[in-house]
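# A closer look at the structure
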There are 2 protein chains.
Amino acid sequence: MLYSAIDEIVAEIGNTEIISTDDEELKTHGYSEWSSVNPETLPVAVAYPRNTEDVATIARICHKHRVPLIPYSGGTSLEGNFSAPYGGVSVDFAHMDRILQLNKDDMDVVVQPSIGWQDLNRNLADAEAGLFFPVDPGPTAKIGGMIGTNCSGTNAVRYGTMKDWVINLTVVLADGRIIKTRRRPRKSSAGYNLNGLFVGSEGTLGIVTEATLKLAVIPETYSVGVVSFPTIRDAAAAAAGVMQAGVPINCLEIMDDVQMRVVNLSGSTAPRTWKELPTLFFKFSGSQASVAENISTVQAITARNGGADFAFAEDEREQKVLWSARKESLWSMLALRKDGQDVWSTDVAVPLSRLADLIEVSKKEMDDLGMFASILGHVGDGNFHESIMYNKSDAKERDKVARCVDNMVNRALNMEGTCTGEHSIGWGKKASLVKEVGQETVDVMATIKQALDPRWILNPGKIMDVPWMPKETHVVTADVPVTPIRKAGKQNTLE
Amino acid sequence: MLYSAIDEIVAEIGNTEIISTDDEELKTHGYSEWSSVNPETLPVAVAYPRNTEDVATIARICHKHRVPLIPYSGGTSLEGNFSAPYGGVSVDFAHMDRILQLNKDDMDVVVQPSIGWQDLNRNLADAEAGLFFPVDPGPTAKIGGMIGTNCSGTNAVRYGTMKDWVINLTVVLADGRIIKTRRRPRKSSAGYNLNGLFVGSEGTLGIVTEATLKLAVIPETYSVGVVSFPTIRDAAAAAAGVMQAGVPINCLEIMDDVQMRVVNLSGSTAPRTWKELPTLFFKFSGSQASVAENISTVQAITARNGGADFAFAEDEREQKVLWSARKESLWSMLALRKDGQDVWSTDVAVPLSRLADLIEVSKKEMDDLGMFASILGHVGDGNFHESIMYNKSDAKERDKVARCVDNMVNRALNMEGTCTGEHSIGWGKKASLVKEVGQETVDVMATIKQALDPRWILNPGKIMDVPWMPKETHVVTADVPVTPIRKAGKQNTLE
């Protein structure tokens, strides 16, 4: 079936380069060394469409033959999101990486899925549009995957997440039909919010081939400041305090002592080195006057929480270096691995008032593992990441890490949080999603999936199990039980 | 079937007051004098649930008997959204109007559907939480309907629309199952964004019985300024200029000469009166310093566009009066009706660069009608409203108005806009939705509807027609043809 599908695709598109079965390509499209999980299978082919109609042709033929389709752009996701547990065709958008239209006066841009957000911003800078795209996940992430995971990044505390920046999408449906979700208004109440549904659906409901994105006006000035704290709890409490005061900061990041050591070891800010203490990174933006004002408000709040020595980047170069030290922290940690080591990196988010509690207990449990492990994250959103280095050939060690991670996730759920603030569910967190929202809510998601993709060919096994396949959710090893989600019932009577 | 459903509901809930068939109540729940359309039918009963379980019981029984269910809260919608074209039961949340939980440190609040946004804000002020809920549609709108229509209001230019403020929803599904969309994180990438799907679905996919909403920190200070322009085009161009400069304004509203006359006639800002010219209303917020800075930037931009005499509210009282003159403009216009007159009020939104074009031509066509008609709106979002007073017993006159409105909508679509920026589709704009996004995209919406509500009992006939019922979309009278939505295809090759 698969091979007749491949033959049909080549014949219909009339280009033998449209699809590859090269072993090395299959591996890079089905396995990721930074992902927390990797199923044992790989895709059987990789397709390289050149336009939306190619994608529609591929979908129509794969639908007929019931062949899985897995969209691929930057490949930076962390939960096995682009893995191929049931084989099938990885659809790599490498040739669809262009800006199609820049509407400067409307402050929007039309792009293809394989443009990176950094490339997009470089192009916008070259066009002297005075505009930028503010969603900033891992440096090499691309728009297609960013839409799939509803990613965010350090700017999210001010600018929101991916779903907030999508004006319309062109989507190829499971059977090859092409739809466009909207025209180009910045605001609409016309019909179901399909943008909001496709964003974050990890390619399981349709394949995005084009997106119109809102752009933001580049602020007049930036300032980056760093302040360290005696404990991680103090740092988290200061972060919550800044949010509760409503200071319009641009970014608010936390890095623990270990992560600060990683920055120093990487040498990326040399000759400057940093105290290896729990640290908050602030980015301020706006006019000169408003930045100065916000800095002084934040300094007062951090000082009340034990923050010492607010240090500022001295110039624009140092701002960039400092911020990229933060942005590249996962890659810096990966670079420190020795042979045979892997890094397990995962994220959760909780209501602001619980952030300090969760970070403190998670940090302690992680430290007790005795492994190289760090906490960092977007604390302004109540969102943080745990990264643990372990020996991948040691099953016992991996199990210890899995238990530690699962405990953190379960604690986050018990604090009314989420098992993922920005990395999404993928293949790795399906069991956590069921615990988070309850089986009835996952059933509603599955009902929508079934309706739009009745043959389950679109990225099958991600977010939820395929109903007729053996359960493949990763084994839950946590010690911390999860309290069920509270649904409103009779307790909400007027009596 | 309906009457056995009513009997079963009363028997099972054990409360005869749960449901009413009083004629007057049926009329107020099925007919609206400010709606652009009203079908000829009314609901057959009105249910008054007291908690989520009551709603679940009502849904389960109505599902069994295939009886329509139409959620009702504030009743302020404008497109026949809560009308009962197929009879059935109006579910009025009058008894579910409470704040269930205020989480001050997390900056969120848990509410029932029938609390008004103004009551919510009064309660938050009483609690001295320093927080407010920023989505501000018509003054008497309630949270349930605001979720249904994905409403917005004057604050949207800064704070976004309803979908941006929902953390989780408790939803009763068509068959009476109860789900909760999420726990309580401010940010999540866990599974499909059901919040984003239910918000704006007008009760056609599920009935919202509880919502957790984000809150914003009350700014330190506000300032309200008013500036008039020689032409409506100048005013619209100035508005676009302010947005393109990235000034972080709180609100940016346009009112035409007619609407300014309505304010003067209403006497609400007496003794102060206003020039009856096209006018922009600005609200600034933030610290004293940032407000002063933003005002000076905006003054420069408006002056370049012919704006004269920036006048500021003199104190907090005048700010409130001035803003409520803007907020209550539709009601002020309704108050000016003579016997037998109705007001047709509708909204569209377009990309910013097309706003001045559309407003200018729409205003001219409206003026040519020779009726009492005005333009006002949230121009910072490219969104504006047209309100036309007409004689409702004069079929020819109504047809002229319908033609004028449809022309405006079609022009907005041709400018890549939307047929509704914030009022939603309801019963009145179904034909426009098809023109806006294309039949294939409406088909996707219908597939989701069919999957979640296979008997089409939830607010049937809204957003889209019921497949097996005669088409009931309102007759399209426009002279302006609509260009089809552009879908990406081969035109986007690399060649």
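Bear in mind the structure is a predicted one, so any value in this text is a computation, not a measurement. (Residues numbered from 1 in each chain as written. Chains lettered and ligands numbered in written order. Predicted model: local features only at pLDDT ≥ 70, side-chain atom pairs only at ≥ 80, totals over all residues. Heavy atoms only, no water.)

Further remarks concern the packing of helix α14 (residues 395–414) of chain B against helix α15 (residues 430–437) of chain B. When two helices pack together, their arrangement is captured by the angle between the axes and the distance separating the axes. Residues and elements named next belong to chain B. Close contact between α14 and α15 brings their axes to 10 Å; oriented N to C, the two are set at 20 degrees. By the angle class used here, α14 and α15 are roughly parallel. Judged by the sense of rotation from one axis to the other, the crossing of α14 with α15 is right-handed. Of the residues in α15, those in contact with Val409, Asn410 and Leu413 of α14 are Ser432, Lys435 and Glu436. Each residue belonging to the contact of α14 with α15 can be placed in one class, and the counts come to 2 nonpolar, 2 polar and 2 charged. (Axes fitted to C-alpha atoms, helices over the stretch in contact; angles between N-to-C directions. Helix = DSSP H or I, 4+ residues; strand = E, 2+ residues; numbered from the N terminus. Parallel < 35°, antiparallel > 145°, perpendicular 65-115°, else oblique. Left-handed = near helix turned anticlockwise from the far one by under 90°. Contact = heavy atoms within 4.5 Å. Nonpolar A, V, L, I, M, F, W, Y, C, P; charged D, E, K, R; others polar.)

Before going further, it helps to examine the UniProt feature "domain: FAD-binding PCMH-type" (unreviewed entry) in chain A. Mapped onto this structure's residue numbering, the UniProt feature "domain: FAD-binding PCMH-type" (unreviewed entry) falls at residues 39–218 of chain A. Split by type, residues 39–218 of chain A is 22% helix and 23% strand. Its first and last C-alpha atoms lie 42 Å apart. (UniProt positions renumbered as here; feature names shortened; annotations may be inferred.)

Our next topic: the sheet that holds strand β13 (residues 251–255) of chain A. All names here are of chain A. The 7 strands lie next to each other as β15-β12-β14-β13-β17-β18-β16, forming an open sheet whose pairing is antiparallel. Taken across any chain shown, the strands that pair with only one partner, and hence form the sheet edges, are β15 (308–312) and β16 (341–349). Across this sheet, the average inter-strand angle for adjacent strands is 20 degrees, counted without regard to direction. Where β13 meets strand β14 (residues 279–286), 5 bridges bridge the pair, whose relative direction is antiparallel. Following the sheet pairing, Leu252 is matched in β14 by Phe282. The strands that helix α8 (residues 232–244) touches are β13 and β14; relative to β13, the one it contacts most, it runs at about 170 degrees. Sitting on the sheet, helix α9 (residues 257–266) touches β13, β14 and β17 (373–377), and the angle it makes with β17 is about 95 degrees. (Pairing = 2+ DSSP bridges.)

This brings us to the sheet that holds strand β10 (residues 207–214) of chain B. Residues and elements named next belong to chain B. The strand order across the open sheet built from 5 strands is β5-β6-β10-β8-β9, with neighbouring strands paired in antiparallel fashion. Every other strand in the sheet has two partners, leaving β5 (99–103) and β9 (178–180) as the edge strands with one partner each. Within this sheet the neighbouring strands show an average axis-to-axis angle of 10 degrees, counted without direction. The pairing of β5 with strand β6 (residues 108–111) spans 4 bridges and is antiparallel. Opposite Asn103, over in β6, you have Asp108 as the bridge partner.

Position of Thr181 of chain B among the secondary structure elements: in the loop between β9 and α7 (194–198). Polar side-chain contacts of Thr181 of chain B include one of 2.8 Å to the backbone nitrogen of Leu169 of chain B. Within the structure, the side chain of Thr181 of chain B is placed 2.6 Å from the side chain of Asn195 of chain B, a separation counted as a polar contact. Setting aside its immediate chain neighbours within four residues, Thr181 of chain B contacts Val437 and Thr441 of chain A together with Asn168, Leu169, Val171, Leu194, Asn195 and Phe198 of chain B. (Polar contact = N/O pair within 3.5 Å; in protein donor to acceptor, adjacent residues only side chain to side chain.)

Looking now at the pattern of salt bridges. Residue and element names in this part refer to chain B. In total, this model carries 65 salt bridges over all chains according to the counting rule given. Of the charged contacts in the structure, one is a salt bridge between Lys429 and Glu79, with a shortest N-O distance of 3.9 Å. Taken as a pair, Lys429 in the loop between α14 and α15 and Glu79 in the loop between β3 (69–72) and β4 (89–92) lie far apart in primary sequence, 350 residues in all. Each member of the pair, Lys429 as well as Glu79, is classed as buried. (Salt bridge = Lys/Arg side-chain N within 4 Å of Asp/Glu carboxyl O. Buried < 20%, exposed > 50% of the residue type's maximum accessible area, 1.4 Å probe, protein only.)

All names here are of chain B. Even without being a glycine, Glu202 presents a positive backbone phi close to 55 degrees. For Glu202, the position within the fold is in the loop between α7 and β10. Take Glu202: its relative accessible area is 5%, and that puts it in the buried class. For Ser424, which is not glycine, the phi torsion reads 75 degrees and is therefore positive. Relative to the elements of secondary structure, Ser424 occurs in the loop between α14 and α15. On the basis of relative accessibility, which here comes to 0%, the residue Ser424 falls in the buried class.

Take chain A, turn it by 180 degrees, move it 0.0 Å along the axis, and it overlays chain B with an RMSD of 0.0 Å. Expressed as an axis order, the relation between the two copies is that of a two-fold axis. Most of the interface of chain A is mirrored in chain B: 100% of its interface residues are interface residues there too. (Least-squares fit on C-alpha atoms with pLDDT ≥ 70 in both.)

Note on aromatic pairs: each is described by the distance of the centres and the angle between the planes. Summed over the entire model, instances satisfying the criterion amount to 24 aromatic pairs over all chains. Consider the rings of Phe310 of chain B and Phe312 of chain B, whose centres lie 5.0 Å apart with planes at 20 degrees: the pair is stacked. Feature note: the residues Phe132, Phe133, Tyr159 and Trp165 of chain A constitute an aromatic cluster, connected by ring pairs. Positioned above the aromatic ring of Tyr222 of chain A, the side-chain terminus of Lys283 of chain A is 5.6 Å from the ring centre. (Phe/Tyr/Trp six-rings, centres within 6.5 Å; stacked < 30°, edge-to-face > 60°. Lys NZ or Arg CZ within 6 Å of the ring centre and 35° of its normal.)

So, about the packing of helix α10 (residues 288–304) of chain A against helix α10 (residues 288–304) of chain B. The interhelical angle for the contact between α10 of chain A and α10 of chain B, taken along N-to-C directions, is 170 degrees, at an axis separation of 9 Å. Our classification of the angle between α10 of chain A and α10 of chain B gives roughly antiparallel. For the pair formed by α10 of chain A and α10 of chain B, the contact residues are Ala289, Ser290 and Glu293 of chain A on the first element and Ala289, Ser290 and Glu293 of chain B on the second. Looking at the contact of α10 of chain A with α10 of chain B residue by residue, the classes come out as 2 nonpolar, 2 polar and 2 charged.

Take the confidence of the model for chain A next. Parts of the prediction with low pLDDT should not have their coordinates interpreted in detail. Model confidence for chain A is summarised by a mean pLDDT of 93, while 97% of its residues fall at 70 or above. The low-confidence segment residues 491–495 of chain A, where pLDDT is below 50, has 14 contacts with residues more than four positions distant or belonging to other chains. (pLDDT = per-residue confidence, 0-100.)

Residue and element names in this part refer to chain A. The domain boundaries assigned to chain A delineate domain 1 (1–92), domain 2 (99–217) and domain 3 (221–415). A C-alpha centroid distance of 22 Å is found between domain 1 and domain 2. Taken together, the contacts link 13 residues of domain 1 with 19 residues of domain 2. Buried surface at the junction of domain 1 and domain 2, both sides included, amounts to about 1,300 Å², of which 66% is carbon and sulfur. In this structure, the connection of domain 1 to domain 2 is made through 0 salt bridges. In this assembly, domain 1 and domain 2 are joined by 3 residue pairs in polar contact (both at pLDDT 80 or more). Elements with a contribution of two residues or more to the side of domain 1 that touches domain 2: α3 (52–65) and β3 (69–72). Broken down by element, the side of domain 1 that touches domain 2 gets its largest block of residues, 7 residues, from α3. Grouping the amino acids of the side of domain 1 that touches domain 2 by side-chain chemistry returns 5 nonpolar, 6 polar and 2 charged. (Domains from an automatic or database assignment. Buried area = accessible area lost by both parts, 1.4 Å probe.)

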